[in-house]
Amino acid sequence: MFTKGMLRYGSCWRYLLIIIITLAAPCYNRGALHPATPVPDRMMPSGHTIPVFGLGTAAMGDRTYDAVMSALKAGYRMIDTAQAYWVSEESIGRAIRDSGIPREDIFIISKLSPRFFGRDPTTQSVDVSLGKLGTEYIDLFLIHNIHCTDYFRCAADEPKGTWEESWKTMEDLHRQGKLRSLGVSNFYPPLLEKLVGMAEVPVSLVQNWFDPFYRDEATREFCKHHGIVYQGYSTFGTQWMYMRQFEGERRNPVFTSPFLKNLSETLDVSIANIVLQWALQKDIVVIPRSVNEEHIRNNVEVLNLELSEETMTAIDENLPSVRIGVNGEPLIDDITWDRIMGNLDTGSHDQNGVWAADKDKVEL
């Protein structure tokens with residue numbers, strides 16, 4: 001049985017801050033920048049810090065500008081993008097300029113498309129990204145994926161080089177000051193072993209799929225051993241909706257979990273914030289996606305929340321992770337699938353306003 005005691009607010013001053021902001025809320029102009037809840041930082045091997053919370057922008061398309069503006073107004077100071085995200089980098093660059101927030105106060109992540117593997121293509125693509133973002137440097141630059149799948153719209157003759165060549169090129173661009181910190185996405189221990197062995201500039205961060213049912217424990221342990229920051233994408237469980245279909249219906253086991261719905265009602269906290277705080281308390285840097293202004297504001301409230309050890313344990317035990325192969329593939333048989341997806345409340349959910357309009361698989 002859950003009780004309110006399973007949720008704690010971190011300290012008295014945080015609780016007081018919530019009251020003050022709530023009482024003052026009517027005084028804010030809708031377009032004004034709201035006072036930001038301070039976002040804690042993590043130190044990376046590069047010597048630079050990264051906020052533990054930010055906005056993901058995959059699949060937003062022409063909604064990216066408005067979502068980023070809403071996030072910056074709500075106090076977000078980290079934005080994640082990629083070369084493969086349609087009109088994303090240019091929309092983010094415009095939003096940052098229009099926000100009036102100093103560039104140095106915003107942490108930008110972008111990712112190299114595998115289309116551009118090789119020395120010259122990588123160099124040219126980074127210059128294009130810098131131009132779209134309207135900045136002289138990118139705070140954190142990642143190799144997006146080693147596979148040039150249809151998602152990346154690779155031509156028949158792409159890529160022209162290897163990810164290893166691109167990493168060495170990224171190290172050169174780091175030395176030139178264009179890329180402050182380097183990392184990878186969708187890498188798992190076998191590849192990470194190779195990367196760490198060849199890297200001259202330290203691997204600062206790994207960004208992989210992470211949610212209550214897919215916990216990527218081997219990669220997280222590797223990162224912990226090597227002092228690498230681990231960042232999760234699809235923490236709300238979006239990836240599950242593209243793995244199998246129920247008569248054409250996309251279903252997400254995170255937002256429709258009876259266990260999480262019960263916990264949410266008991267604690268009077270949204271499922272989104274429970275999952276985000278669960279991840280943060282596991283030392284995961286999170287980048288939740290949303291194009292809904294209310295959800296964007298609500299998500300950042302997680303910074304004023306703390307889950308008890310009892311709640312953390314209950315989530316771990318009631319939502320066990322799937323087994324994961326050495327290259328990150330979830331090992332799912334019908335029994336495992338039914339355990340995750342079979343006992344669902346099929347009520348609709350807008351997935352924070354992102355996935356409902358998507359027609360193609362989202363690869364982050």
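Only a predicted model underlies this, so the values are computations on that prediction, with no experimental measurement involved.

Engineer: So what exactly am I meant to see when it comes to the overall build of the chain here?
Structural biologist: Broken down by element type, the chain carries twelve helices and 14 strands. With 364 residues in all, the chain has 53% of them scored as buried. For the chain, the share of sequence-separated contacts (at least 6 apart) that also reach a separation of at least 24 residues comes to 76%. As presented, the chain carries roughly 16,100 Å² of accessible surface, and 50% of it is formed by carbon and sulfur atoms.

Engineer: Even after reading the chapter, I still don't get the sheet that holds strand β8 (residues 179-185), so can you show me in this structure?
Structural biologist: The strands that make up a sheet are held in pairs by hydrogen bonds between backbone atoms, and each pair lies either parallel or antiparallel. If you walk across this open sheet you meet the eight strands as β4-β5-β6-β7-β8-β9-β10-β11, and the pairing is parallel. With one partner strand each, in any of the chains shown, β4 (55-56) and β11 (285-286) form the two edges of the open sheet. Here five bridges tie strand β7 (residues 138-143) to β8, and the two strands are oriented parallel to one another. Residue pairing for β8: Ile143 is matched across the bridge by Val184.

Engineer: Just checking my understanding: could you explain the environment of Leu307 for this structure?
Structural biologist: Inspection of the secondary structure assignment puts Leu307 in strand β12 (residues 306-307). Given a relative accessible area of 1%, Leu307 falls into the buried group. Each C-alpha atom of the pair Leu307 and Gln281 lies 8.1 Å from the other, and the pair is 26 residues apart in sequence.

Engineer: Help me understand the state of the cysteines, please; the structure alone is not making it clear to me.
Structural biologist: Working definition: the covalent bond between the sulfur atoms of two cysteines is a disulfide. According to the stated counting rule, one finds one disulfide in the structure shown. The disulfide partner of Cys148 is Cys154, and the S-S distance across this bridge is 1.6 Å. On the S-S bond that ties Cys148 to Cys154, the torsion sits near -80 degrees, and the link is left-handed. For Cys148, a relative accessible area of 27% translates into the label partly exposed. On the accessibility criterion, Cys154 (22% relative accessible area) is partly exposed.

Engineer: Explain helix α10 (residues 293-300) here, please?
Structural biologist: At 3.6 residues per turn, the α-helix brings residues three or four places apart onto the same side. Residues of α10 that are buried include every one of Ile296, Asn299 and Val300, and no others. Axial view of α10: buried residues confined to an arc of 95 degrees, hence all on one face. In the core, the buried residues of α10 are packed alongside α2 (64-74) and α9 (271-280).

Engineer: Help me out: how do you make sense of the pairing of β7 in this one?
Structural biologist: Within a regular beta strand, the side chains point alternately toward one face of the sheet and then the other, so they alternate between its two faces. The element β7 is largely enclosed, with a buried count of six among its six residues. By the bridge criterion, four bridges tie strand β6 (residues 107-112) to β7 in an arrangement that is parallel. Across the sheet, Leu112 pairs through a bridge with Ile143, a residue of β7. With helix α4 (residues 119-133) bridging β6 and the parallel β7, this β-α-β connection has right-handed handedness. Crossover handedness for the path β7 to helix α5 (residues 163-175) to β8: right-handed.

What counts as what
Residues numbered from 1 in each chain as written. Predicted model: local features only at pLDDT ≥ 70, side-chain atom pairs only at ≥ 80, totals over all residues. Heavy atoms only, no water. Helix = DSSP H or I, 4+ residues; strand = E, 2+ residues; numbered from the N terminus. Buried < 20%, exposed > 50% of the residue type's maximum accessible area, 1.4 Å probe, protein only. Contact = heavy atoms within 4.5 Å. Areas by Shrake-Rupley, 256 points an atom, 1.4 Å probe, with all protein chains shown as cover. Pairing = 2+ DSSP bridges. Disulfide = S-S within 2.5 Å. Arc of directions from axis to C-beta. Right-handed = clockwise from strand over helix to strand, strands pointing away.

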